[in-house]
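Spelled out, the chains give:
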Amino acid sequence: MHPVLNVAVEAAHAAANIMRRQMQHVDAIPFERKARHDYFIEDRFEAGLALEGWEAKSLRAGNAQLTEAYVILKKGEAWLVGAHFSPLRTTSSHVKANPTRDRKLLLHRHEIDRLTGAVERKGYALVPLDLHWHKGRAKLAIGLGKGKKQHDKRADRKDRDWQRQKERILKH
């Protein structure tokens, strides 16, 4: 093999190995811890996400955050607002990455109608719970919940502490 061609092939293999290491499947895809603390989650839905290529790569690398995110319904569509997908350094240069753009959620019409009724008439909130992979596709778990009052949060914490103490006592 020609020396120049050999160097080019080695460089391509090195770049592929770097990309492979960065793109290793991450099991710990982000989830929103405060959602269950701030809301009574009464129902749960799974929605697909309409992502761009760099966003899917970023999600596989574990560079996504749901801490400031929320779900809104507008014009018969569901949108994820405020989620932050940090672009990778290897993202193509011709695409301008917007880490906090609104992302469309893919739900069936009857699910959107049910969510719209609950949000508009009954005063529920749509809360993003976690991002996960299902058969190679990015999914967002959405919780239909009511906000907790301060005394509800204290009671939940007291119950959790009591359960933890019971487990310790039974263990020993």
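Scroll up to find the structure.
Below or above, wherever it landed, is the structure these notes cover. (Residues numbered from 1 in each chain as written. Predicted model: local features only at pLDDT ≥ 70, side-chain atom pairs only at ≥ 80, totals over all residues. Heavy atoms only, no water.)

This brings us to the overall build of the protein chain. A tally of regular secondary structure across the protein chain gives 5 helices and 8 strands. Along the protein chain, helices (α) and strands (β) appear in the sequence α-α-β-α-β-β-β-β-β-α-β-β-α when read from the amino end. In the protein chain, which comprises 172 residues, the share counted as buried stands at 30%. Long-range contacts, defined as pairs at least 24 residues apart, comprise 71% of the intrachain contacts of the protein chain with a sequence gap of at least 6. Looking at the protein chain as shown, the accessible area adds up to about 11900 Å², and 51% of this sits on carbon and sulfur atoms. (Helix = DSSP H or I, 4+ residues; strand = E, 2+ residues; numbered from the N terminus. Buried < 20%, exposed > 50% of the residue type's maximum accessible area, 1.4 Å probe, protein only. Contact = heavy atoms within 4.5 Å. Areas by Shrake-Rupley, 256 points an atom, 1.4 Å probe, with all protein chains shown as cover.)

The end-to-end C-alpha distance of helix 4 (residues 109–122), which contains 14 residues, comes to 19 Å, matching closely the 20 Å that a straight helix rising 1.5 Å per residue would cover. Residues of helix 4 that are buried include every one of Glu111, Ile112, Leu115, Gly117 and Ala118, and no others. Looking at the packing, one finds that the buried side of helix 4 touches strand 1 (39–49), strand 3 (70–74), strand 4 (77–81), strand 7 (125–134) and strand 8 (137–147). Within two residues after helix 4, Gly123 carries a phi angle of roughly 80°, on the positive side. (Expected span 1.5 Å × (residues − 1).)

Glancing now at helix 3 (residues 53–60). Where helix 3 is concerned, the buried positions are Trp54, Glu55, Ser58 and Leu59. Along helix 3, the residues classed as buried sweep out an arc of 135° about the axis, all on the same side. Next to the buried residues of helix 3 lie strand 2 (64–65), strand 5 (84–85), strand 6 (103–106), strand 7 and strand 8. Of the residues one or two after helix 3, Gly62 is the one with positive phi, at around 85°. (Arc of directions from axis to C-beta.)

Turning next to unusual backbone geometry. Positive phi is not limited to glycine here, since Lys75 has a value of about 55°. Here Lys75 shows up in the loop between strand 3 and strand 4. Phi is positive for Lys135, which is not a glycine, with a value near 55°. Tracing the chain through its elements places Lys135 in the loop between strand 7 and strand 8.

Let's shift gears to the pairing of strand 8. Of all 11 residues in strand 8, 8 are buried; the element is thus mostly enclosed. Summarising the sheet, strand 1 and strand 8 pair through 9 bridges and their orientation is antiparallel. Among the inter-strand pairings, Phe45 is bridged to a residue of strand 8, identified as Ile142. As paired strands, strand 7 and strand 8 are joined by 9 bridges and run antiparallel to one another. Note that in strand 8 the partner of Val127 across the bridge is Gly143. Here strand 7 folds back onto strand 8, and the loop between the two strands holds 2 residues, one of which, Lys135, carries a positive phi near 55°. (Pairing = 2+ DSSP bridges.)

Under the defined criterion, the tally for this structure stands at 8 salt bridges. With its nearest N and O atoms 3.0 Å apart, the salt bridge here joins Glu77 to Lys104. With Glu77 in strand 4 and Lys104 in strand 6, this residue pair connects regions lying 27 residues apart in the sequence. You can call Lys104 partly exposed: its relative accessible area is 31%. Among the charged side chains, a network of salt bridges with common partners joins Glu52, Glu55, Arg101 and Arg103. (Salt bridge = Lys/Arg side-chain N within 4 Å of Asp/Glu carboxyl O.)

Another aspect to go through is the sheet that holds strand 7. Within the open sheet, the 6 strands sit side by side as 3-4-6-1-8-7. Their pairing is antiparallel. The open sheet has two edge strands, strand 3 and strand 7, and neither has a second partner. Put simply, the sheet's adjacent strands are angled 40° from each other on average, direction ignored. Against the sheet, helix 3 contacts strand 6, strand 7 and strand 8, and its axis sits at roughly 80° relative to strand 7. (Axes fitted to C-alpha atoms, helices over the stretch in contact; angles between N-to-C directions.)

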